[in-house]
Amino acid sequence: MIVLGIETSCDETSAAVVEETSDAARPWRIRSNVVASQVAIHREWGGVVPELSARQHIRDICGVVERALNDAGSPAIDAVAVTQGPGLVGSLLVGLQFAKAFAWTRSVPVIPVHHLAGHIESLVLHGGEMPMPAVVLVVSGGHTSLYRITTAGSYELLGRTRDDAAGEAYDKVAKLLHLGYPGGPVIDRLAKHGDDRAVPFPKMRLTHADRNAPELPGTRDFSFSGLKTSVLRHVTARRTALGLAPGDPLPERETVDISASFQRVVVETLLERLFDAARSYQARSIGVAGGVSANSRLRADAEERGRAKGIPVFVPDMALSTDNAAMIAAAGLRRLRRAGVEPHVEINAEASLAL
């Protein structure tokens, strides 16, 4: 089976062609994966502007899909997998309506896909099937969540962020330090040259359930609002001590050390929760997926901890870390394997779709 994947949940317009293989260990093969990024558009505003994002998707989607089909050799498409949610509702609608129209003209089914399921399946696209049970951390600009997987395609939520996602915290700290948007890559680059113990930023400690999710224990949840506030207070105090105006940047040396200290706390927080969950649930493998999985320290530290504990760590390659349609096509194929083909003509975008 050959599936066309379409992803428009935020600020990347992407289309991909993925085909099923006969290899049980590596069930899918990417034939094409095209991504049109909007980073340059949103950089001026310091973050994603939903209206601009939706309008750019409209401009890009026809060309992106055409390129993906051409790169794949113009194969016959058996189904269309598309992101239904979560995401920006205007952006989701562009991809969803295009997918339904394309599927109707080809008389093929539409497979609605959860965006985070796509990120989880990106691990399989890159590294093959994960030994089960597995615990996966999905960490990006809008999501920081822990999932347990006991059967391929079935995802159990163990914990989530109660406020900012890790990627949002990176963007806000980068803005505070006058580093531009997006914040993750620039902080990661600077942190390599800084002292990660220069500033003793605190780690969050959660001991009670979230009243908005009482079904979860809460001890595996994340929170980055306190860390973000601590960085703000430190920067404000240093500006005052140096006689700088409120909007002035700090000296480069201090900016580098703050970046390194902030990143150390974020990465340690993420991995402590991840490996604690893996130990509790006797996981045979661990995964780290999502845009922040491109972070060099997160990847290196996760793999080092995995080697020390004798557990394989799955991380997607850089092209599959950020939002892309190949992962959506893979998640669509996974759903087909579990549930078969169902008519989904009436599906609609869901900005807060639950997995």
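Scroll up to find the structure this text is about.
Parameters at a glance
Residues numbered from 1 in each chain as written. Predicted model: local features only at pLDDT ≥ 70, side-chain atom pairs only at ≥ 80, totals over all residues. Heavy atoms only, no water. Axes fitted to C-alpha atoms, helices over the stretch in contact; angles between N-to-C directions. Helix = DSSP H or I, 4+ residues; strand = E, 2+ residues; numbered from the N terminus. Left-handed = near helix turned anticlockwise from the far one by under 90°. Contact = heavy atoms within 4.5 Å. Nonpolar A, V, L, I, M, F, W, Y, C, P; charged D, E, K, R; others polar. Buried < 20%, exposed > 50% of the residue type's maximum accessible area, 1.4 Å probe, protein only. Pairing = 2+ DSSP bridges. Core = buried A, V, L, I, M, F, W, Y, C linked by side-chain atoms within 4.5 Å.

Peer 1: Would you take a moment to explain the packing of helix H8 (residues 252–280) against helix H9 (residues 296–309) for this structure?
Peer 2: What describes two packed helices is the angle between their axes and the distance between those same axes. Where H8 contacts H9, the axes come no closer than 10 Å and their chain directions differ by 40°. For H8 against H9, the interelement crossing comes out right-handed. Seen from H8, the contacting residues are Gln263, Arg264, Val267, Glu268, Leu270, Leu271, Glu272 and Phe275; seen from H9, they are Arg297, Leu298, Asp301, Ala302, Arg305, Gly306 and Lys309. Grouping the amino acids of the contact of H8 with H9 by side-chain chemistry returns six nonpolar, two polar and seven charged.

Peer 1: Is there a simple way to think about unusual backbone geometry in this case?
Peer 2: Keep in mind that most residues, glycine aside, have a negative phi and that most peptide bonds are trans. Here the amide bond leading from Gly85 into Pro86 is cis, since omega sits at -10°, within 30 degrees of zero. On the secondary structure map, Pro86 appears in the loop between strand S4 (79–85) and helix H3 (89–106). In this chain, Tyr181 is followed by Pro182 through a cis amide linkage whose omega measures -5°. Its identity as a non-glycine residue notwithstanding, Ser74 has a phi of 50°, on the positive side. The backbone of His178 shows a phi angle near 65°, a positive value even though the residue is not glycine.

Peer 1: Would you take a moment to explain the pairing of strand S2 (residues 12–20) for this structure?
Peer 2: In the case of a regular strand, side chains alternate between the two sheet surfaces. Summarising burial for S2: eight of the nine residues are buried, a large majority. Of the pairings in the sheet, the one linking strand S1 (residues 2–7) to S2 comprises six bridges and is antiparallel in character. Bridge pairing in S2 links Val3 to Val18. Turn length for the S1-S2 hairpin, with the two strands adjacent in sequence and antiparallel, is four residues. Of the strand pairs in this sheet, S2 and strand S3 (residues 28–37) are connected by nine bridges, and their pairing is antiparallel. In the sheet register, Glu12 faces S3, and the bridge partner there is Ser37.

Peer 1: How do you make sense of the nonpolar core when you look at a structure like this?
Peer 2: Within soluble globular proteins, side chains that are nonpolar tend to cluster in buried spots. Membership of the largest hydrophobic core comes to 46 residues, with the highest contact counts inside it found for Val231, Phe262, Leu270 and Leu274. If you list the elements that add at least two residues to this core, you get strand S6 (134–139), helix H5 (166–176), helix H6 (183–191), helix H7 (225–242), H8, strand S9 (285–289) and H9. When neighbours within four sequence positions are excluded, Phe262 is seen to be in contact with Ala169, Tyr170, Val173, Ile187, Phe201, Leu227 and Val231. If you look at the next biggest cluster of nonpolar residues, it comprises 33 residues, including Val18, Ala79, Leu123 and Leu333.

Peer 1: Is there a simple way to explain the sheet that holds S1 in this structure?
Peer 2: Strand order in this open sheet of five strands is S3-S2-S1-S4-S5, and the pairing throughout is mixed. In the strand order of this sheet, the two ends are held by S3 and strand S5 (110–114), each with one partner. Sheet twist, expressed as the mean angle between neighbouring strand axes with direction ignored, is 20°. Here S4 runs beside S5; their pairing, made up of five bridges, is parallel. Bridge pairing links Val82 to Pro112 in S5. On top of the sheet, helix H11 (residues 325–339) reaches S1, S2, S3, S4 and S5; it is set at about 45° to S2, its chief contact.

Interpretation in functional terms is not warranted from these geometric data alone.
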